[in-house]
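Notes for the structure review
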Amino acid sequence: MRSRVWWGTAAVLCGLLVAGCGDGGGSGDGDQAGPADEKSATGDYPVTVTDCLGAKATFSKAPERIVTSNASSLELLLRLGAGDNIIGTGFPPGKSTLPGELDAQARKVKVLGQSVIPKEKLLGSGADLYIDTFASMNMGGGMGDAPTEEEFKAAGIKHIYLKSTACAAQNKRPVTDLSAVEADITSLGAVTGTGAKAKELVDGMKKKVDTVRKAVGRTAEGERPTYFFFDYDAGTKQPTVVCNRQIANAVITLAGARNVFADCDGDYQQVGWEDVISRNPDWIQLGVRDRGSEAANERAFDEARKWLKSNPATKGLKAVKEGHFLRIGSERTTIAGVGNADTVRAIAKALYPGKAG
């Protein structure tokens, strides 16, 4: 089981691309780019990005040697067309988990760590940019601490983050749309000089979400099915739930459902099974992490379903008794990416058959 730190809890010095830690909330108008950022999206330089405290990182040209912390930021760069500049990654995607040509490109990227990249290897990688999907890298267990910003600077590596995950816990209000994810894509496009492609990706996401919104968006709050994201890999002894500052809350909301833990402020929180039972969800997503192949993923989904059906604390839940399970991977639900829009559509299609898809 992968360490919970991989999912990351936002640190005080969480990084943020372009706009800073904005509201990221339901209005969709948080994290808007200012005039300088609009200019940078065209591929013009210099491009300046800031972290949550306003510290600036300026790029006079597109980075040439990029290391990504995990499959999420790797996939975004590949989709943007910056794959030739990626020299290494941590948490590599499983074989065939990315579609078509993206998978072939991902296979060519050097794996610097099957999980978190060891500090010394990262600093000695020769990278000029490190893209961090989460705020914390300290895995413990002999893997070493994350490099300090001073060490990154000494190694000639600019260090930036994906704001939609790194700063999730610091959002000032619930996250109910994908504007922060879209801003991440736009920002990466600005930094890598792929602004036109970034716009294309964002427009595609908006089109998918708008289609779902038109179909189910007007469903009254009280008529929306209740929804529980079961993070199977976080452990079953005490469930870890997605709260209202996590991207998953936006995905669930946009799909026309109600996150049963939307009253929890933050990104993640551990609760008791009695809390899940008291909320008795209509639907449960079997949120398992990528195992590296479709067959292995299906086995993991089966394991999660079997656990819920056999455990005395959960087998009486409405969703369990009615077999209302969704087999959708964790990453495309809880981590920033183009796949978030696909998950919105997949959830809506399951919950509103014949209406949303």
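So, the pattern of salt bridges
For the coordinates displayed, the defined rule picks out 17 salt bridges. A salt bridge links K197 to E200; its shortest N-O distance comes to 3.0 Å. Remark: E200 and K197 occur in helix α8 (residues 195-216); sequence separation between them is three residues, near one turn of the helix. Here K197 falls in the partly exposed class, since its relative accessible area comes to 29%. Exposure remark for E200: the relative accessible area of 49% places this residue in the partly exposed category. When salt bridges that share partners are traced, they join K61, E64 and R65 into one network.

Remarks on the confidence of the model for the chain
Of the residues in the chain, 84% reach a pLDDT of 70 or more, and the chain-wide mean stands at 85. Across residues 1-24 the pLDDT falls below 50, and counting only partners more than four positions away or on other chains, this stretch makes 103 contacts in the model. Below a pLDDT of 50 lies the segment residues 26-41, which in the model reaches 32 contacts outside its immediate sequence neighbourhood of four places, other chains included.

Quick word on the sheet that holds strand β13 (residues 325-326)
Taken together, the four strands give an open sheet; going across it, the order is β10-β8-β12-β13, and neighbouring strands pair in parallel fashion. Looking at the sheet topology across the chains shown, the edges are occupied by β10 (258-259) and β13. Sheet topology places strand β8 (residues 226-231) next to β10; two bridges connect them, and they run parallel. Directly across from T226, in β10, lies its bridge partner R258.

Topic: the nonpolar core
Core analysis: the largest hydrophobic core is formed by 54 residues, its most contacted members being I131, L178, I185, Y227, I347 and L351. If you tally residues by element for this core, the top one is α8, at seven residues. Setting aside chain neighbours within four positions, we find I131 in contact with I66, V67, T68, S69, S73, L77, I160, L162 and L188. Among the nonpolar cores identified, the runner-up in size contains 23 residues, and V276, V288, A300 and W307 belong to it.

Comments concerning unusual backbone geometry
Cis peptide bonds are those with omega within 30 degrees of zero, and the linkage from Y45 to P46 qualifies with 5°. With phi around 40°, F91 is a residue other than glycine that occupies positive phi space. Relative to the elements of secondary structure, F91 occurs in the loop between β4 (86-90) and α3 (100-107). In this structure F91 comes out as buried when scored by relative accessible area, which is 7%. For N280, which is not glycine, the phi dihedral falls at a positive 40°. Residue placement: N280 occurs in the loop between α10 (273-279) and β12 (283-287). Given the relative accessible area of 31%, N280 is considered partly exposed.

Notes on α3
Residues L102, D103 and A106 constitute the buried set of α3. Along α3, the residues classed as buried sweep out an arc of 100° about the axis, all on the same side. Residues of α3 that are exposed and point over 90 degrees away from its buried face: G100 and E101. Packed against the buried residues of α3 are α2 (71-80).

Side note on the side chain of N311
By secondary structure assignment, the location of N311 is in the loop between α11 (294-310) and α12 (318-322). On the accessibility criterion, N311 (19% relative accessible area) is buried. Looking at N311, its side chain comes within polar contact range of the main-chain nitrogen of A313, at 2.8 Å.

Here we look at the sheet that holds strand β7 (residues 158-161)
A sheet is described by the order of its strands in space; here five strands give the open sequence β5-β4-β3-β6-β7, paired in parallel fashion. In this open sheet, the two strands that pair with only one neighbour each are β5 (111-113) and β7. With strand direction ignored, the average angle separating the axes of adjacent strands in the sheet is 25°. Summarising the sheet, strand β3 (residues 66-68) and strand β6 (residues 129-132) pair through three bridges and their orientation is parallel. From the neighbouring strand, V67 faces β6, where its bridge partner is Y130.

What about the packing of aromatic side chains?
One pair of aromatic rings is described through two measures. These are the centre distance and the angle between the planes. Following the criterion strictly, the structure yields eight aromatic pairs and no others. Positioned above the aromatic ring of F59 is the side chain of K158, whose terminal nitrogen or guanidinium carbon lies 5.6 Å from the ring centre.

Definitions and limits used
Residues numbered from 1 in each chain as written. Predicted model: local features only at pLDDT ≥ 70, side-chain atom pairs only at ≥ 80, totals over all residues. Heavy atoms only, no water. Salt bridge = Lys/Arg side-chain N within 4 Å of Asp/Glu carboxyl O. Helix = DSSP H or I, 4+ residues; strand = E, 2+ residues; numbered from the N terminus. Buried < 20%, exposed > 50% of the residue type's maximum accessible area, 1.4 Å probe, protein only. pLDDT = per-residue confidence, 0-100. Contact = heavy atoms within 4.5 Å. Pairing = 2+ DSSP bridges. Core = buried A, V, L, I, M, F, W, Y, C linked by side-chain atoms within 4.5 Å. Arc of directions from axis to C-beta. Polar contact = N/O pair within 3.5 Å; in protein donor to acceptor, adjacent residues only side chain to side chain. Axes fitted to C-alpha atoms, helices over the stretch in contact; angles between N-to-C directions. Phe/Tyr/Trp six-rings, centres within 6.5 Å; stacked < 30°, edge-to-face > 60°. Lys NZ or Arg CZ within 6 Å of the ring centre and 35° of its normal.

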